[in-house]
Amino acid sequence: MLSNIMGKEYFILKALMTITAAVMMICLVQKTYNYFSSPAAKIPVSVNYHFSRVCNKSCGFCFHTASTSYIETMGNAKRGLLALKMAGMKKINFAGGEPFMHRKFLGQMIDYCKEVLYLESVSIVTNGSLVTEAFLATYGKHIDILAVSCDSFDEVTNIKIGRGSGNQVGKLYEIRDLCKKYGIKFKLNTVVCKLNFEEDMNQFINALQPFRWKCFQVLIVEGENDSSETLRDGRKFTITDEQYEHFCAKHRHQKSFVAEPNNLMAKTYLILDEYMRSLDRTGKEPSPSESILKVGVKDALDGVYWDETGFASRGGVYDWTREKPSCAEKVQSLNGD
């Protein structure tokens, strides 16, 4: 008798769970249909999620400063990423702050984006100081691109910028080798500023051979790095367009070289902050949108300016998926791991 009652309760519970899941899926499909059928809906093909502002470096020109220590709950972050996926996201870039200061959160997000959302590309931008082989051995199979910030190959210049304490360059070679071992595409990001625009980096780029080397003109953003009242004052690092071109002319022959002057950088990126709000980086006050968790993807994107044509013209879509399998994965497969 008792077993029959328990069996009925189990059947009812299972039926309710099935119905609930079906209703949730219908609602999600309806929202997706409404999104794509609405006029002029922006498709967030590639999104930069700055999930934390906290960093262990103090770069003088940083335009995403540690004004808060907030980080979303895992559940909310996954919900936001799912909404972006349903709206057309193919690539996610985790940035900060310094993403590796939150290893557990970062690792779970990486796995979720590949194992559940099946995104084409997962990338990370890091200063490199906290990257470890243990992390890459665990999560590397789901990381397509690891981009390391490198503003100079002169350690004295790096210290003046606020990048490090004298070991920045050596760490680059270490990370490059780890990327090769775990099948991750190795990328470099350089901010061209007053302290490095005359530097010739060709020798080191030839040695490191990144698959992509993005060179940004230092950017000033109101409320972030534009005065002595903000956490960073980037004005002393700014350069003219001619000085930026001087740097580009020295390095444009590098096959991995990608130039991004202010007019491209400020308007062609979709950026989510730690609250999952869209940011406007046109150089004006950020004025973030409402969170996508509150108003949905369409309304959040409608609240900021995004130059989709500029995104395409700067090569925003490229070969962003890792080559599989890596040497380490082949060895693990042979060993039966």
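Below is a summary of the structure that appears in this document. A quick note: this is a predicted structure, and the numbers were derived from the prediction, not measured.

Considering the overall build of the protein chain
Working step 1: Helix and strand content of the protein chain: 12 helices and nine strands.
Working step 2: The long-range share in the protein chain, meaning contacts at least 24 apart out of those at least 6 apart in sequence, stands at 75%.
Working step 3: Within the structure as shown, the protein chain displays about 16,200 Å² of accessible surface, and the carbon and sulfur contribution to it stands at 57%.

Re the pattern of salt bridges
Working step 1: As enumerated under the stated definition, the model contains 13 salt bridges in all.
Working step 2: Here Arg 252 makes a salt bridge to Glu 245, at a shortest N to O gap of 3.0 Å.
Working step 3: Using a relative accessible area of 37% as the deciding quantity, one classes Glu 245 as partly exposed.
Working step 4: Between Glu 290 and Lys 294 there is a salt bridge whose closest N-O contact spans 3.7 Å.

Some remarks on the nonpolar core
As a rule of thumb, nonpolar side chains are buried together in soluble globular proteins.
Working step 1: Residues Tyr 49, Leu 81, Ile 92 and Phe 94 are the most contacted members of the largest nonpolar core, which totals 67 residues.
Working step 2: Considering every element that reaches this core, the biggest residue donor is helix α3 (residues 103-115), with six residues.
Working step 3: The contacts of Tyr 49, once residues within four sequence positions are left out, are Glu 72, Ala 77, Leu 81, Ile 92, Asn 93, Phe 94, Ala 95, Phe 105, Leu 272, Asp 273 and Met 276.

Here's the deal with the pairing of strand β3 (residues 121-126)
Working step 1: The element β3 is extensively covered by neighbouring structure, given that six of its six residues are classed as buried.
Working step 2: Side chains Ser 121, Ser 123 and Val 125 project from β3 onto one buried face, and the interleaved Val 122, Ile 124 and Thr 126 project onto a second face that is buried too.
Working step 3: Of the strand pairs in this sheet, strand β2 (residues 91-95) and β3 are connected by four bridges, and their pairing is parallel. Counterpart to Ile 92 in the pairing with β3 is Val 122.
Working step 4: Pairing between β3 and strand β4 (residues 145-149): four bridges, direction parallel. The partner of Val 125 across the bridge, within β4, is Ala 147.
Working step 5: Handedness of the β3-helix α4 (residues 133-139)-β4 crossover: right-handed.

Digging into the packing of aromatic side chains
Working step 1: Under the definition given, this model contains 13 aromatic pairs.
Working step 2: A centroid spacing of 4.4 Å and a plane angle of 15° characterise the contact between Tyr 70 and Tyr 275, whose relative ring orientation is stacked. Of this pair, Tyr 70 sits in the loop between β1 (46-50) and α2 (74-86) while Tyr 275 sits in the loop between β8 (270-272) and β9 (278-279); the two residues are 205 residues apart in sequence, bridging distant segments of the chain.
Working step 3: Classification of Tyr 70 as partly exposed rests on a relative accessible area of 32%.
Working step 4: With 5.0 Å between their ring centres and 70° between their planes, Phe 100 and Phe 135 make a pair best called edge-to-face. Taken together, the positions of Phe 100 in the loop between β2 and α3 and Phe 135 in helix α4 put the pair 35 residues apart, joining distant regions of the chain. Each member of the pair Phe 100 and Phe 135 is classed as buried.
Working step 5: The rings of Tyr 49, Phe 51, Phe 94 and Phe 105 are connected pair by pair, giving a single aromatic cluster.
Working step 6: A cation sits over an aromatic face here: Arg 212 above Tyr 318, 3.7 Å from the ring centre.

Re the sheet that holds β9
Working step 1: Read across the open sheet, the nine strands follow the order β7-β6-β5-β4-β3-β2-β1-β8-β9; overall the sheet is mixed. Each edge of the open sheet carries a strand with a single partner, namely β7 (257-260) and β9.

Notes on the side chain of Arg 212
Working step 1: Its place among the elements puts Arg 212 in strand β6 (residues 212-217).
Working step 2: Dropping the residues within four chain positions of it, Arg 212 is found in contact with Phe 186, Lys 187, Leu 188, Ser 256, Val 258, Arg 314, Gly 315 and Tyr 318.

Here we look at the environment of Gln 203
Working step 1: With respect to the element layout, Gln 203 can be found in helix α7 (residues 202-208).
Working step 2: Residues Gln 203 and Phe 153, 50 residues apart in the sequence, show an inter-C-alpha distance of 9.8 Å.

Description of the environment of Thr 157
Working step 1: By the element assignment, Thr 157 lies in helix α5 (residues 155-161).
Working step 2: Accessibility expressed as a relative area gives 12% for Thr 157, which makes it buried.
Working step 3: For the pair Thr 157 and Leu 195, spaced 38 residues apart in sequence, the C-alpha separation works out to 6.8 Å.
Working step 4: Among residues more than four places away in sequence, those in contact with Thr 157 are Ser 152 and Leu 195.

Some details on unusual backbone geometry
Working step 1: The omega torsion across Gly 96 and Gly 97 is 10°, close enough to zero to call that bond cis.
Working step 2: Turning to its location among the elements, Gly 97 is positioned in the loop between β2 and α3.
Working step 3: In this structure, Tyr 118 takes a positive phi of about 55° despite not being glycine.
Working step 4: The class for Tyr 118 is exposed, based on a relative accessible area of 61%.

Quick notes on the pairing of β2
Each regular strand carries side chains that alternate between the two faces of the sheet.
Working step 1: Of all five residues in β2, five are buried; the element is thus mostly enclosed.
Working step 2: The alternating pattern of β2 places Lys 91, Asn 93 and Ala 95 on one face and Ile 92 and Phe 94 on the opposite face, and all of these are buried.
Working step 3: By the bridge criterion, five bridges tie β1 to β2 in an arrangement that is parallel. Considered in β2, the bridge of Tyr 49 is made with Phe 94.
Working step 4: The parallel pair β1 and β2, bridged by α2, forms a crossover whose chirality is right-handed.
Working step 5: Following the backbone out of β2, through α3 and into the adjacent parallel β3, one traces a crossover that is right-handed.

Parameters at a glance
- Residues take numbers from 1 onward in each chain, read along the sequence in its written order.
- Where local features are concerned, this predicted model is filtered to residues with pLDDT of at least 70; where side-chain atom pairs are given and counted, the filter is 80 or more; whole-chain, interface and lining totals use all residues.
- Computation of side-chain values: all heavy atoms of the structure, hydrogens and water removed.
- Where helices and strands are cited, they refer to DSSP runs of H or I of at least four residues and of E of at least two residues respectively, numbered from the N terminus.
- Contacts: residue pairs with any heavy atoms within 4.5 Å of one another.
- All accessibility values rest on the Shrake-Rupley procedure with a 1.4 Å probe; residue burial counts only the protein chains present in the view.
- What makes a salt bridge here is a side-chain nitrogen of Lys or Arg within 4 Å of a carboxyl oxygen of Asp or Glu, nothing more.
- Here the term buried applies to any residue with accessible area under 20% of the maximum for its type, exposed to any over 50%, and partly exposed to those in between, with areas from a 1.4 Å probe on protein chains only.
- Among buried residues, those of type Ala, Val, Leu, Ile, Met, Phe, Trp, Tyr and Cys that are joined through side-chain atoms within 4.5 Å constitute a nonpolar core.
- We call two strands paired when DSSP finds no fewer than two bridges between them.
- Viewed with both strands pointing away, a crossover whose connecting path from the first strand over the helix to the second turns clockwise is right-handed.
- For this analysis, a ring pair means two rings from Phe, Tyr or Trp (six-membered ring only for Trp) whose centres lie within 6.5 Å, classed as stacked if their planes differ by under 30 degrees, edge-to-face if by over 60, and tilted for the remaining angles.
- Comment: the charge-over-ring label is applied if NZ (Lys) or CZ (Arg) is within 6 Å of the ring centre and within 35 degrees of the ring normal.

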